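As a plain string of letters, each chain reads:
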Amino acid sequence: MTALELTNKRILVTGGSGFLGRQVIDQLCKAGADHEKITVTRSHDCDLRVWENCQRAVDQQDIVIHLAAHVGGIGLNREKPAELFYNNLMMGVHLIHAAYQVGLEKFVCVGTICGYPKFTPVPFKEEDLWNGYPEETNAPYGVAKKVLLVQLQSYRQQYGFNGIYLLPVNLYGPEDNFNPSSSHVIPALIRKVHEAQIQGEKQLPVWGDGSPTREFLYSTDAARGIVMGTQFFNESEPINLGTGDEISIRDLINLICELMEYEGEIVWETDKPNGQPRRCLDTKKAKEGFGFTAQISFQEGLTNTIDWYRHNAV
């Protein structure tokens with residue numbers, strides 16, 4: 001397996017100052033990249049929805065790792081579906097086309113498993129990605145990101161452009177987004193338990209009925225997988241990044257309560273949406289394609305995330 005040599009490469013990491021982006025930059029440097037040659041875009045000074053900004057961003061770069069996304073949990077998906085569709089679509093479409101125009105060596109697009117059909121057979125296999133419409137609350141975001149896969153595949157076919165598409169499962173870890181209006185399930189539940197403890201609440205309301213299952217990938221593992229894909233994978237098909245393990249939301253909140261020593265009662269808000277019924281990935285292709293397997297156990301990763309939040313909660 002021949003590696004793409006990262007030494008002396010000029011690498012653009014969109015969203016590089018974010019939760020996952022900082023981990024990706026750390027893994028790039030561990031794999032031989034020069035930190036001084038890594039460029040990071042931030043939304044407040046480089047709006048990637050604007051074509052000219054994408055042209056400037058990719059100029060003089062060798063590799064782009066596109067992490068930037070407008071993303072959140074079920075609440076944000078229900079509140080702002082149009083923004084999630086437009087923002088994610090326009091960022092990606094412009095950036096990929098600009099990268100192709102300057103003859104970029106490689107484009108790494110990080111997609112989302114929200115693009116999988118609502119009732120995908122478990123474990124999710126990459127070839128099932130188009131076998132149905134996504135779960136309704138995820139669809140605008142998920143479809144927008146799937147369009148970028150089609151773009152990369154068509155640019156490879158017509159122009160020989162080397163773009164790959166990685167599908168990480170739900171991420172979590174220290175420095176995640178714990179804002180209750182836009183966070184995903186793990187940071188949302190950690191914050192909820194923490195605040196219940198501080199306020200002495202004996203009941204903990206949780207959306208849904210606890211039956212959906214999810215798979216979670218620790219951010220350091222995800223970043224390592226993205227960098228391994230950057231180095232070793234050059235094919236057109238999408239590739240899942242995950243652990244292959246699923247846990248129900250009911251078991252998840254019980255584990256979080258146990259690790260945080262919260263003994264209150266869980267109250268299920270069954271009038272709120274569950275989201276997709278099950279999520280668990282088939283991860284064989286990542287292992288076979290570039291040797292990626294997750295290394296951090298779920299309990300270890302969850303403990304690290306809880307500890308970070310407790311030390312940084314405001």
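Residues numbered from 1 in each chain as written. Predicted model: local features only at pLDDT ≥ 70, side-chain atom pairs only at ≥ 80, totals over all residues. Heavy atoms only, no water.

K.L.:
For this particular structure, what's the right way to read the overall build of the chain?
P.N.:
A tally of regular secondary structure across the chain gives 10 helices and 12 strands. Rg of the C-alpha trace for the chain: 19 Å, near the compact-globule value of 20 Å for 314 residues, within the 12% margin. Taking all 314 residues of the chain together, the buried fraction comes to 52%. Expressed as a percentage of contacts within the chain between residues at least 6 apart in sequence, the contacts between residues at least 24 apart total 82%. Total accessible area computed for the chain in this model is approximately 13,900 Å², and 48% of it derives from carbon and sulfur atoms. Across the chain, the 29 positively charged side chains and the 39 negatively charged ones have centroids separated by 3 Å. (Helix = DSSP H or I, 4+ residues; strand = E, 2+ residues; numbered from the N terminus. Rg over C-alpha atoms; globule rule 2.2 N^0.38 Å. Buried < 20%, exposed > 50% of the residue type's maximum accessible area, 1.4 Å probe, protein only. Contact = heavy atoms within 4.5 Å. Areas by Shrake-Rupley, 256 points an atom, 1.4 Å probe, with all protein chains shown as cover. Lys, Arg positive; Asp, Glu negative; His and termini not counted. Charge placed at Lys NZ, Arg CZ, Asp CG, Glu CD.)

K.L.:
When you look at the pairing of strand β1 (residues 11-14) in this model, what are you seeing that I'm missing?
P.N.:
Strand residues, when the strand is regular, have side chains that alternate between the two faces of the sheet. Side-chain alternation along β1 places I11 and V13 on one buried face and L12 and T14 on a second face that is also buried. Pairing of β1 with strand β2 (residues 38-41) involves 4 bridges; the strand directions are parallel. Within β2, the position partnered with T14 by the bridge is T41. Of the strand pairs in this sheet, β1 and strand β3 (residues 63-66) are connected by 4 bridges, and their pairing is parallel. Counted as the bridge partner of V13 is I65 from β3. (Pairing = 2+ DSSP bridges.)

K.L.:
Where do I start with the environment of G225 in this structure?
P.N.:
Position of G225 among the secondary structure elements: in helix α7 (residues 219-232). On a C-alpha basis, the gap between G225 and G242 in space is 9.0 Å, while along the polypeptide they are 17 residues apart.

K.L.:
Got a minute to help me understand the sheet that holds strand β4 (residues 106-110) in this structure?
P.N.:
By definition, the strands of a sheet pair up through backbone hydrogen bonds, in either a parallel or an antiparallel sense. Across the sheet, which stays open at both edges, the 6 strands sit in the order β2-β1-β3-β4-β5-β10 with parallel pairing between neighbours. The sheet is open, and its two edges are formed by β2 and β10 (239-241), each paired on a single side. When the angles between neighbouring strand axes are averaged without regard to direction, this sheet yields 20 degrees. Here 4 bridges tie β4 to strand β5 (residues 163-168), and the two strands are oriented parallel to one another. Paired with C109 across the two strands is Y165, which belongs to β5. Strands in contact with helix α5 (residues 139-159) are β4 and β5; relative to β5, the strand with the most contacts, it is inclined by about 155 degrees. (Axes fitted to C-alpha atoms, helices over the stretch in contact; angles between N-to-C directions.)

K.L.:
I keep staring at the side chain of D221 and nothing clicks. Help me out?
P.N.:
With respect to the helices, strands and loops of the structure, D221 is situated in helix α7. Residue D221 is classed as buried on the basis of its relative accessible area, which comes to 2%. A distance of 3.0 Å separates the side chain of D221 from the backbone nitrogen of Q295, its partner in a polar contact. Every residue in contact with D221, bar those within four places of it in the chain, is listed here: F292, A294, Q295 and I296. (Polar contact = N/O pair within 3.5 Å; in protein donor to acceptor, adjacent residues only side chain to side chain.)

K.L.:
Please explain the environment of Y172 as it appears in this structure.
P.N.:
Mapped onto the fold, Y172 is located in strand β6 (residues 170-172). For Y172 and D34, which are 138 residues apart along the polypeptide, the C-alpha to C-alpha distance reads 27 Å. Apart from the residues within four sequence positions on either side, Y172 is in contact with F19, I186, F216, L217, Y218, S219, S297, F298, G301, L302 and T305.

K.L.:
I would appreciate a short explanation of the layout of surface pockets in the present structure.
P.N.:
To find the voids left in a structure, one rolls a probe of water-molecule size over its atoms. Quantified by volume, the second largest pocket comes out at close to 270 Å³. Lining the second largest pocket are 20 residues; nearest its centre among them are F216, G242, T243, D245 and A294. For the lining of the second largest pocket, the element with the highest residue contribution is strand β9 (residues 216-218), accounting for 3 residues. A class-by-class count of the residues in the lining of the second largest pocket yields 9 nonpolar, 5 polar and 6 charged. (1 Å grid on protein atoms, 1.4 Å probe; cavity = no way out; pocket = protein on both sides within 12 Å on 5 of 7 lines; lining within 4 Å. Points joined across faces, edges and corners; volume = space filled by probe spheres on them. Nonpolar A, V, L, I, M, F, W, Y, C, P; charged D, E, K, R; others polar.)

K.L.:
Even after reading the chapter, I still don't get the packing of aromatic side chains, so can you show me in this structure?
P.N.:
Aromatic rings considered in pairs are described by the distance between their centres and by the relative angle of their planes. Evaluation of the coordinates by the stated rule reveals 13 aromatic pairs. Taking the centre distance of 4.1 Å and the plane angle of 15 degrees together, the rings of Y100 and Y159 count as stacked. With Y100 in helix α4 (residues 81-101) and Y159 in helix α5, the pair connects residues that are 59 residues apart, well separated along the chain. A cation sits over an aromatic face here: K146 above W130, 4.2 Å from the ring centre. (Phe/Tyr/Trp six-rings, centres within 6.5 Å; stacked < 30°, edge-to-face > 60°. Lys NZ or Arg CZ within 6 Å of the ring centre and 35° of its normal.)

K.L.:
Can you walk me through the pattern of salt bridges in this structure?
P.N.:
Side chains carrying opposite charge are able to pair once their charged atoms draw close together. All chains considered together, the criterion is met by 13 salt bridges. A salt bridge links E175 to R22, with the shortest nitrogen-to-oxygen separation between them at 3.1 Å. Pair noted here: E175 is in the loop between β6 and α6 (185-199) and R22 is in helix α1 (residues 19-30), with a separation of 153 residues, a long-range link. Judged by its relative accessible area of 32%, E175 is partly exposed. Its relative accessible area of 36% is what places R22 among the partly exposed residues. The partner of R191 in a salt bridge is E195, with the nearest N and O atoms 2.8 Å apart. (Salt bridge = Lys/Arg side-chain N within 4 Å of Asp/Glu carboxyl O.)

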